[in-house]
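Spelled out from the first residue to the last, the chains are:
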Amino acid sequence: MVRLPRHLPALVLLSSLVGAAAWAQSDERARTLDQQIDRIFKTNEYALPRFGPARWLADGTAYTIVERTAEPAKGWDIVRYDAATGARSILIAASQLAPGGNALSIDDYVWSDDGSKLLIFTNTQKVWRQNTRGDYWVLDLSSPAEARTGSAAERRGEAGGLKKLGGSAPASSLMFAKFSPDATRVGYVRANNIYVERIGDGRITPLTSDGSETTINGTSDWVYEEELGVRDGFRWSPDGRSIAYWQFDSTGVGIFSLINNTDSLYPAITRIPYPKAGTTNSAARIGVVSAEGGETRWIKTEGDPRNTYLARLSWIDPATVAIQQLNRLQNRNDFLTSEVRTGEVRRVFRDESKAWVDVVEEVQWIDGGRTFLWMSERDGWQHVYRVPREGGNGQLITKFDSDVIDMAGVDEKGGWLYFIASPQNAGQRYLYRSKLDGSGAPERVTPAAQAGTHRYTLAPGGRVAFHTFSRFDQPPVTDVVELPGHQRLRALTDPSAVVAKLAPVLQRPVEFFTIDIGGGVVLDGWMLKPPGFDPARRYPVITHVYGEPAGQTVNDSWGGGGALFHRALADAGYVVLSVDNRGTPAPRGADWRKVVYGTVGDLSSKDQAAAVRALVAKYPYLDRDRVGVWGWSGGGTNTLNAMFRFPEVYRVGVAVAPVPDQKLYDTIYQERYMGLPQENVEGYRVGSAINFAEGLQGKLLVVHGSGDDNVHAQGTEKLINRLIELGKPFDSMIYPNRTHSIAEGPGTTPHVYKLIARYFLQHLPPGPM
């Protein structure tokens, strides 16, 4: 008989005790992490006070806001505040917005231009991304001069009455209602047709009658809404005599079917005309019709309507509309004007790029309509130019070597353009101003002592603004500031109670860093370290990635639940970090952003892997053998790229709602950054993670919602088939009927974040070594 050494039982016992202790510690970490995720996403313990929806009044000295009554069941008041003093008066009492004694919820509201009427949007339903379908009510105030005087307004509202629009239309079926300029009528969309309703007698005039599943009037098809932000698809003329609108013909567009297997005995199918990269688009055109009805006059834009994009529409004057027209490749944006009587068009300005150009969100007119402001990257930076209405190259008015991130407003009387920029730090945002005549250098308006991210909504005239300031470690505070001095007039939110709850969570500040990945390329990043951090020990790393042209992850701003989730992971024993690769929309110049053209997925994953290699070489406390990666949407795609292409760098990955094959995504987004798949065959192959699946060596979890109308679960299913074919072990989770946000249904959001956290806990051991 072979005898065991006498000391072995003691060793076995010791080993068992150590193992039990480790298991207990791991179990405690998981329990603590679950509890924190519940606080973030289930009980919403860190929800911050909200401000709005607020509307500046026309004189720029006061605003209105919706406030719940003292007795919540009685509804909502619409209240006026003086911007400087805070003097409060109720303009519209909740009792005025309670037909039959039932208080209306207020999802949105808008005043008529003369202040005589109020339009209420309520009982809303989501259409893809936003709640754009619902019921509309008009409150008619008989005397606009008195409509801003509190109790008097209440009495008038009771006299003027409340009226529901739409006649006998089904509940929650109206879209994008808006007053005519004289406030006597309201235009709206229902069932893909446009109607005008006279407020006085309720007469409804249909302006279009051909609306159907494939003919869409006054709103947009799926891809225009998702990628160009076109939802509200009609515009009143300044004189109220005409309406200009988009019409889409989706005949011939490929149909993608979403299958709902859980809400009824048999599957329910939703059919979406969804143009995938390289396939047929809807034919879009713009027409003008009399507000009294009649024949539509079509604007004669050039080119194949299925291979150009009509990205923006506005009126310049009662006889002229302005249109932004992109070519299919989106490397050319023509600013057109058209005389609506004839439909003839004239090109006023052309913006071009060897990669892609961006749509100007809203063209601002100055000089009485003789000049407009245009944003372009034509000199290597995104700058603002003033261009005469008759055309020309334009005059540069933002004269500095940095990007204009967005135009914030115009003080035409004072001669200033306000805009957002951040010349020294790509993750921050500040208010600047430049002279409209192009003289002088831009001036920073945001105080130099307030490093972080600042957002502004300027009042008419540009003398005051709503201002929100936050940092990565500092929740947002909203106030009213005077411009240009930036003097704080009044606080609008008080997050102090939440800040007190967050104090233990925010004990360890974020660390921002730059990392040189070679070739003169320096990337920005942030890092969160675990409690009790010891630089002499090695810690596992979780890197959060997005990496596509639609967004940055390295921002010195409050990140809400997502950022708190990353802090929870750090508290569990990980170093959590994120890096922005080249091609993300950081304000670092056009070359930085456009270098990714035709190589999305390839260049981004190389930059990300190079950053991890450089970081673990620079910081010995980062454990090169315990590196994980996760991301959502484009970040899910880049997680796949990381795991498949760089298995020596990444050990564990969680890809949520990824695009494994770029040919499966929509025309406008994918072709903007990659060109047509028929013309960039190799780029699409190299950019698609599914073509590198054989490289998987680590642990991979792929997560998707089966009801994702944006990034279809089809791609994940194709990837699963490929991994099965290759004999690769992996894990997957499908959330039935959830969309791209995977947020629908009770418990869904905390569930998905617990799933991500649990996967890392199980496969990427937390804590130092």
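Everything discussed here concerns the structure shown above.
Residues numbered from 1 in each chain as written. Predicted model: local features only at pLDDT ≥ 70, side-chain atom pairs only at ≥ 80, totals over all residues. Heavy atoms only, no water.

Asks: Mind laying out the sheet that holds strand β32 (residues 453–458), listing which residues take part and the relevant values?
Replies: Taken in spatial order, the four strands make up an open sheet running β32-β33-β34-β35, and their pairing is antiparallel. Looking at strand neighbours, the two that pair on one side only are β32 and β35 (487–491), the edges of this open sheet. Taking the axes of each pair of neighbouring strands and ignoring which way they run, one obtains an average angle of 35° across the sheet. Bridging between β32 and strand β33 (residues 464–471) involves six bridges; their strand directions are antiparallel. Bridge pairing in β33 places His-454 opposite Phe-469. (Pairing = 2+ DSSP bridges. Helix = DSSP H or I, 4+ residues; strand = E, 2+ residues; numbered from the N terminus. Axes fitted to C-alpha atoms, helices over the stretch in contact; angles between N-to-C directions.)

Asks: So what's going on with the sheet that holds strand β23 (residues 345–352)? Residues and values would help.
Replies: As summarised here, the arrangement of the four strands in space is β20-β21-β22-β23, forming an open sheet in which the pairing is antiparallel. Two strands bound the open sheet, and with one partner strand each, they are β20 (308–317) and β23. For this sheet, the mean angle separating the axes of adjacent strands, direction not counted, is 20°. Note: strand β22 (residues 332–339) against β23, seven bridges, orientation antiparallel. Counterpart to Arg-332 in the pairing with β23 is Glu-352.

Asks: Residue-level account of the packing of helix α7 (residues 602–618) against helix α8 (residues 634–645), with values.
Replies: For the pair α7 and α8, the least separation of the axes is 9 Å and the interaxial angle reads 65°. The angle between α7 and α8 falls in the class roughly perpendicular. Where α7 crosses over α8, the handedness of that crossing is right-handed. In this structure, α7 uses Asp-602, Ser-604 and Ser-605 to contact α8, whose residues at the interface are Asn-638, Asn-641 and Arg-645. (Parallel < 35°, antiparallel > 145°, perpendicular 65-115°, else oblique. Left-handed = near helix turned anticlockwise from the far one by under 90°. Contact = heavy atoms within 4.5 Å.)

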